[in-house]
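Observations on the three-dimensional arrangement
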Amino acid sequence: MTITIYGIKSCSTMKKAFTKIDELNVGYDFHDYKKQGIDRESIQRWVDELGIDKVLNKRGTTWRKLTDEQKQSADANIDNAIDLLVTNTSMIKRPIVEGQIDDKNQAQQILLCGFDATEFEANFQ
């Protein structure tokens, strides 16, 4: 099993995710995109699979601080939204969990967005 958890270390939702994944004894790499940044290709991959509405967090303070023009531009065009996510990583819903898990002797791709304890248990037990 090889998974990477993407997020921001100090986020309270991330702390819940770390606690749950540790309880389930799952090894992982952590990518702090506040410190390490994130590439456009990763965000594009997440948006392609999950949709922009799932990946873009419009409930946070970073979104609320954008100008009306920036918000309208992001709503009108996915490429503009992705560009905003690259430069404003706090607007990416947390955590993003990506990688491969072993399921009955075969590797299965996984991509989760946001923390849901039940979803984590279903995927990692």
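Each remark here, short or long, concerns the structure printed above.
Summary of the structure given here. (Residues numbered from 1 in each chain as written. Predicted model: local features only at pLDDT ≥ 70, side-chain atom pairs only at ≥ 80, totals over all residues. Heavy atoms only, no water.)

**Let's talk about the packing of aromatic side chains**
- Counting across every chain of the model gives 5 aromatic pairs.
- Between the aromatic rings of F18 and F30, the centroid separation amounts to 5.1 Å while the plane-to-plane angle is 80°, which identifies the pairing as edge-to-face. Linking F18 in helix α1 (residues 12-23) with F30 in strand β2 (residues 29-32), this pair joins segments that are 12 residues apart in sequence.
- Judged by relative accessible area, which is 26%, F30 ranks as partly exposed.
- On the numbers, 5.1 Å between centres and 70° between planes, the contact of F115 with F120 is edge-to-face.
- For F115, a relative accessible area of 26% gives the class partly exposed.
- Note on F120: relative accessible area 0%, which makes it buried.
- Among the aromatic residues, those joined into a cluster by ring pairs are F18, Y28 and F30. (Phe/Tyr/Trp six-rings, centres within 6.5 Å; stacked < 30°, edge-to-face > 60°. Helix = DSSP H or I, 4+ residues; strand = E, 2+ residues; numbered from the N terminus. Buried < 20%, exposed > 50% of the residue type's maximum accessible area, 1.4 Å probe, protein only.)

**Brief notes about the packing of helix α5 (residues 68-76) against helix α6 (residues 78-87)**
- Following both chains from N to C, one finds α5 and α6 inclined at 125°, their axes separated by 5 Å at the closest point. Viewed along their axes, α5 and α6 adopt a mutual orientation that is oblique. Two secondary-structure elements touch here, α5 through Q70, S73, A74 and A76 and α6 through I78, N80, A81 and L84.
- When its residues are assigned to classes, the contact of α5 with α6 shows 5 nonpolar, 3 polar and no charged. (Axes fitted to C-alpha atoms, helices over the stretch in contact; angles between N-to-C directions. Parallel < 35°, antiparallel > 145°, perpendicular 65-115°, else oblique. Contact = heavy atoms within 4.5 Å. Nonpolar A, V, L, I, M, F, W, Y, C, P; charged D, E, K, R; others polar.)

**As for the pairing of strand β1 (residues 2-7)**
- In terms of burial, β1 is a largely internal element, 5 of the 6 residues being buried.
- Inspection of the sheet shows β1 paired to β2 by 4 bridges, in the parallel sense. The partner of I5 across the bridge, within β2, is F30.
- Read as a crossover between parallel neighbours, the route from β1 over α1 to β2 is right-handed. (Pairing = 2+ DSSP bridges. Right-handed = clockwise from strand over helix to strand, strands pointing away.)

**Structural notes on unusual backbone geometry**
- Following R94, the chain continues into P95 via a peptide bond in cis, with omega recorded as -10°.
- Locating P95 in the fold gives a position in the loop between α6 and β3 (96-103).
- In this model, N25 sits at a positive phi of 55°, which is unusual for a non-glycine residue.
- Relative to the helices and strands, N25 resides in the loop between α1 and β2.

**Some remarks on the pattern of salt bridges**
- Using the criterion set out here, one finds 6 salt bridges in the structure.
- Residues K20 and E23 are paired through a salt bridge, measuring 3.3 Å at the closest nitrogen-oxygen approach. Within this pair, K20 and its partner E23 are both found in helix α1, separated by 3 residues, close to a single helical turn.
- Assessed through its relative accessible area of 13%, K20 is described here as buried.
- Of the charged contacts in the structure, one is a salt bridge between D83 and R40, with a shortest N-O distance of 3.0 Å. (Salt bridge = Lys/Arg side-chain N within 4 Å of Asp/Glu carboxyl O.)

Any link to function would need more than the numbers given here.
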